Amino acid sequence: AQTVTQSQPEMSVQEAETVTLSCTYDTSESNYYLFWYKQPPSRQMILVIRQEAYKQQNATENRFSVNFQKAAKSFSLKISDSQLGDTAMYFCAFSRGSGGSNYKLTFGKGTLLTVNP
Amino acid sequence: ETGVTQSPTHLIKTRGQQVTLRCSSQSGHNTVSWYQQALGQGPQFIFQYYREEENGRGNFPPRFSGLQFPNYSSELNVNALELDDSALYLCASLDRGRTGELFFGEGSRLTVL
């Protein structure tokens, strides 16, 4: 079974600064996907960024980037130039990949990020 | 293109009752999954439906059941409600073809008294 661990229940950052959220996972699979989702108070989960395990290059999406360390099973999210709208719960998630029920996501417990003005 | 919509947004039930939650998937998405998110926790996978058949199930008892209809909309049914069933129930539809990305609705908040 896969597990996802987020060791930081809460974090805060000043507007315009950079913050890194941590995530570790455990799996015996060789092909898998990792995700960071954002859940604002509106409750809707929004995909922030995804990483395919077979890609060595770290994914980036505008101000969001990841540090994927496959051997260490670590997948951290870096948010640059933090904005007030980034305030939300952030979840790290794992899926085994495409096909059948492999789309099932296993989530961590989340990190509540607060961006202060 | 319309997103994933869920109804109702909030509801209150008493222990022992039954509840049905509904989900309309994003246009063109033929796979729907349901997640339970207890307060302060990450979502937990309940089950997934593909072409009207259950296609994967998490560690939930049989009193959690579902349906998917020909238009790919879906229902989650929970019988014999327990206090611990109080949670946010999230529906997600899958873009199986292009990116494998899940698109989530805003959820149904169930309170069991």
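The structure reproduced in this document is the subject of the present report. (Residues numbered from 1 in each chain as written. Chains lettered and ligands numbered in written order. Predicted model: local features only at pLDDT ≥ 70, side-chain atom pairs only at ≥ 80, totals over all residues. Heavy atoms only, no water.)

### Here's the deal with the overall build of chain A
We count it as follows: Under the scheme used here, helices are H or I runs from DSSP no shorter than 4 residues and strands are E runs no shorter than 2 residues, and both carry numbers assigned from the N terminus. Atoms counted for the radius of gyration: C-alpha only. Globule rule: 2.2 Å times the number of residues to the power 0.38. The cut-offs for exposure are 20% and 50% of the maximum accessible area for each residue type, with area from a 1.4 Å probe on protein chains only; residues under the lower value are buried, those over the upper are exposed, and the others partly exposed.
Helices and strands together make up the secondary structure of chain A, namely zero helices and 12 strands. Moving toward the C terminus, one meets the helices and strands of chain A in the order β-β-β-β-β-β-β-β-β-β-β-β. Relative to a compact globule of 117 residues, whose C-alpha radius of gyration would be 13 Å, chain A shows 14 Å and is just as compact. Principal axes of the C-alpha set define a box for chain A whose edges measure 45 × 30 × 25 Å. Across the 117 residues in chain A, those meeting the buried criterion constitute 50%.

### Digging into the pairing of strand β9 (residues 87–94) of chain B
Residue and element names in this part refer to chain B. Inclusion rule: Should DSSP find at least two bridges between two strands, the strands are taken to pair.
Burial of β9 is extensive: eight of the eight residues sit out of reach of the surface. Bridging between strand β4 (residues 31–37) and β9 involves seven bridges; their strand directions are antiparallel. Residue V32 lies in a different strand from β9, and its bridge partner there is S93. Where β9 and strand β11 (residues 108–112) come together, three bridges link them in antiparallel fashion.

### A look at unusual backbone geometry
All names here are of chain B. Residue P8 is reached from S7 by a cis peptide bond, and omega for that bond is -10°. Among the secondary structure elements, P8 is positioned in the loop between β1 (5–7) and β2 (10–13). One non-glycine residue, E52, lies in the positive phi region at around 75°. You can see E52 is positioned in the loop between β5 (44–50) and β6 (53–57). Although it is not a glycine, Y72 sits at a positive phi angle of roughly 75°. Here Y72 lies in the loop between β7 (64–68) and β8 (74–78). Under the relative-accessibility criterion, Y72 is labelled partly exposed at 30%.

### Description of the interface of chain A and chain B
The condition is simple: Any two residues whose heavy atoms approach within 4.5 Å at even a single point are treated as in contact. By buried area we mean how much accessible surface two parts lose on assembly, using a 1.4 Å probe and totalling the loss over both. We define a salt bridge as a contact between a side-chain nitrogen of Lys or Arg and a carboxyl oxygen of Asp or Glu at a distance within 4 Å. Polar contacts, as used here, are pairs of N or O atoms within 3.5 Å; protein pairs need one atom able to donate a hydrogen and one able to accept it. Residues neighboring in sequence count only if both atoms are side-chain atoms.
In this assembly, 17 residues from chain A lie in contact with 26 residues from chain B. When the two sides are added together, the surface that chain A and chain B hide from each other amounts to roughly 1800 Å², 53% of it contributed by carbon and sulfur. When the buried area of chain A at its contact with chain B is split by residue, A:R43, A:Q44 and A:Y103 rank highest and sum to 36% of it. Here chain A and chain B share zero salt bridges between them. In this structure, the connection of chain A to chain B is made through seven residue pairs in polar contact (both at pLDDT 80 or more). For the side of chain A that touches chain B, the secondary structure elements donating two or more residues are β5 (33–39) and β6 (46–52) of chain A.

### Observations concerning the state of the cysteines
As a reminder of what qualifies: In this description, the term disulfide denotes a pair of cysteine sulfurs within 2.5 Å.
Counting across every chain of the model gives two disulfides over all chains. Through a disulfide, A:C23 is tied to A:C92; the S-S separation comes to 2.0 Å. With the S-S dihedral at roughly -70°, the linkage between A:C23 and A:C92 falls on the left-handed side. A residue pair is termed long-range when its members are at least 10 positions apart, and A:C23 in the loop between β3 (19–21) and β4 (24–26) and A:C92 in strand β10 (residues 88–95) qualify at 69 residues. Shown here is the disulfide that connects B:C23 with B:C91, its sulfur atoms set 1.9 Å apart.

### Digging into the nonpolar core
Quick reminder of the rule: Put simply, buried Ala, Val, Leu, Ile, Met, Phe, Trp, Tyr and Cys residues joined by side-chain atoms within 4.5 Å make one nonpolar core.
Counting 25 residues, the largest nonpolar core has A:Y25, A:W36, A:F75, A:L77 and A:Y90 as the members making the most contacts within it. Looking at this core, the element that brings in the most residues is β10(A), giving four residues. Other than its neighbours up to four places away in sequence, A:Y25 contacts A:T3, A:V4, A:Y32, A:L34, A:F68, A:Q69, A:K70, A:K73, A:S74, A:F75 and A:F94. Membership of the second largest hydrophobic core comes to 20 residues, among which are B:L21, B:F47, B:F60 and B:A87.

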